[in-house]
Amino acid sequence: MKMMNNAKTAVAMSGGVDSCVAAMLATAGGRPALGITMAVHPDAPEQDSIDAAAAAEKLGFPHITVDLQKEFHDTVMRYFSESYMAGETPNPCVYCNKVIKFGLLFDKAAEHGCQNIATGHYAKVNKTDPSGRILLERAAYKEKDQTYVLWQLSQEQLLRAEFPLGGYDKPQVREIAEENGFTVSSKPDSQDICFVPKGSYRSFIENFTGKTFPEGEFVGTDGKLWGKHKGIIGYTVGQRKGLGISAPAPLFVVRKSVEENRVYLGSNDELFSRRVEAKDVNLIAVPEISGSLHVTAKTRYSQKEAAATLFQTGESTAVLEFDEAQRAVTPGQSVVFYSGDTVVGGGIIT
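J.: Break down the pattern of salt bridges for me, citing the residues and quoting the values.
T.: Under the counting rule described, the total for this entry stands at 17 salt bridges. Across the salt bridge formed by Lys 142 and Asp 341, the nearest N and O atoms sit 3.9 Å from each other. Remark: Asp 341 occurs in the loop between β16 (334-339) and β17 (342-349) and Lys 142 occurs in the loop between β6 (135-138) and α5 (155-159); sequence separation between them is 199 residues. The residue Lys 144 makes a salt bridge to Asp 189 at a minimum N-O spacing of 3.3 Å.

J.: Got a sec to walk through the environment of Gln 69? Specific residues and values, please.
T.: The residue Gln 69 is located in helix α3 (residues 69-85) in this model. The class for Gln 69 is partly exposed, based on a relative accessible area of 28%. Apart from residues lying up to four places away in sequence, Gln 69 is in contact with Ala 39, Val 40, His 41 and Pro 42.

J.: So, the packing of aromatic side chains: which residues are in play, and what are the values?
T.: Under the criterion given, the structure shown has 13 aromatic pairs. Look at Phe 80 and Tyr 84: their rings are 5.1 Å apart centre to centre, the planes differ by 65°, and that puts the pair in the edge-to-face class. You can see Phe 80 and its partner Tyr 84 sitting in helix α3, 4 residues apart, about one turn around the helix. Ring centres of Phe 204 and Phe 208 lie 5.6 Å apart, and the angle between their planes is 25°; this geometry places the pair in the stacked category. Within this pair, Phe 204 and its partner Phe 208 are both found in helix α7 (residues 201-209), separated by 4 residues, close to a single helical turn.

J.: Please provide a residue-by-residue account of helix α2 (residues 46-59), values included.
T.: Its 14 residues place the ends of α2 21 Å apart at the C-alpha level, agreeing with the 20 Å of an ideal helix rising 1.5 Å per residue. Inspection of α2 places Asp 51, Ala 52, Ala 55 and Ala 56 among the buried residues, and these make up the whole buried set. Projected down its long axis, α2 shows its buried positions confined to an angular sector of 135°, all on one face. Exposed and facing more than 90 degrees away from the buried side of α2 are Glu 46 and Glu 57.

J.: Can you break down the sheet that holds strand β9 (residues 225-229) residue by residue, with the values?
T.: As summarised here, the arrangement of the 4 strands in space is β9-β8-β11-β10, forming an open sheet in which the pairing is mixed. A strand with exactly one partner marks an edge of an open sheet, and here the two such strands are β9 and β10 (252-257). For this sheet, the mean inter-axis angle between neighbouring strands, taken without regard to orientation, is 30°.

J.: Outline the sheet that holds strand β1 (residues 9-12), supporting the account with residue identities and numerical values.
T.: Through backbone hydrogen bonds, the strands of a sheet pair up, either in parallel or in antiparallel fashion. Spatially, the 5 strands line up as an open sheet ordered β3-β2-β1-β4-β7, and their pairing is parallel. Two strands close off the open sheet at either side, each with one partner strand: β3 (63-67) and β7 (161-162). Summarising the sheet, β1 and strand β2 (residues 33-39) pair through 4 bridges and their orientation is parallel. In the strand pairing of β2, Ala 10 is matched with Leu 34. Across the sheet, α2 lies against β2 and β3, angled at about 150° from β3, the strand it touches most. Along the sheet, helix α4 (residues 92-110) makes contact with β1, β2, β3, β4 (116-118) and β7, crossing β2 at roughly 130°.

J.: Just give me the short version of α7, but keep the residues and values in it.
T.: Along α7, the residues that are buried comprise Phe 204, Ile 205 and Phe 208. Buried residues along α7 cover an arc of 95° about the axis, so they all sit on one side. In the core, the buried residues of α7 are packed alongside α3. A positive backbone phi angle near 75° is found at Gly 210, which sits one or two residues after α7.

What counts, and where the lines are drawn
Residues numbered from 1 in each chain as written. Predicted model: local features only at pLDDT ≥ 70, side-chain atom pairs only at ≥ 80, totals over all residues. Heavy atoms only, no water. Salt bridge = Lys/Arg side-chain N within 4 Å of Asp/Glu carboxyl O. Helix = DSSP H or I, 4+ residues; strand = E, 2+ residues; numbered from the N terminus. Buried < 20%, exposed > 50% of the residue type's maximum accessible area, 1.4 Å probe, protein only. Contact = heavy atoms within 4.5 Å. Phe/Tyr/Trp six-rings, centres within 6.5 Å; stacked < 30°, edge-to-face > 60°. Expected span 1.5 Å × (residues − 1). Arc of directions from axis to C-beta. Pairing = 2+ DSSP bridges. Axes fitted to C-alpha atoms, helices over the stretch in contact; angles between N-to-C directions.

Laid out in structure tokens, this is it:
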């Protein structure tokens, strides 16, 4: 199935500079479009929707705001909370892109006659590869590349996706916004998870679930008791600060056990591992992996990828063997596999 160049395009507009410039680029030449902003939680700044609507009016196409608060609550927020309670450290933005932005938001846009969706992500999509696969590729501006949070997109979702900023860097985007009179040209980027005010994960999860998380033991990997922790959801693998304990040498969180309600502590050396197992694997560049595949991979958004060998162990499971041990590989985080600038796929670290 091919998209027509004159097909009506939904432009996901958050009210930030990236989505406003993406909207301008996606609708160049008078291409028919609909600006669409999603309302996903009651604490979202009202100004964001106002800024998005103003940008759409300036560009000459209509704008709507769709209420997805219940759907977001029942999917992304629930996933985030349940993952933490299971001892993981999740990437809610990865899940949101799959289920909300390129799922439910597009479904709402399709009701208005839209056949594809453009967003302000820094990434590229290649719909003309000889393999017949729709490929996800890294943005030209590697410092801002967002393929790490897009690896869960299906072939169908990538087919209808457009990333107009894939060939631009952030300074260029701000310059374009200023030159074209967008009032958001100097608006700061959002940093925190949108539904967790001031980064207080513990408070959010306790309020969302109605549960409290009891104290438990800090235990060394050698079995030594180091004191009490303040609730297991407040810690993540690799953490050193905020433990509230005194030790002769630095101690880090190396593992959590929900069943025991224990946080295990060890040295920095104990944080390194070469083998990574992944679940919920989504392959993009290939339908499956037979044997092994040499890739580069990263286990955190801000991490530089490292050489590894990828083995598919089941329909949605895989194992990575890194050439060199990686620090603080954390259950619940995403691991994303690359071949050059092309995303091979990704999975959730177990």
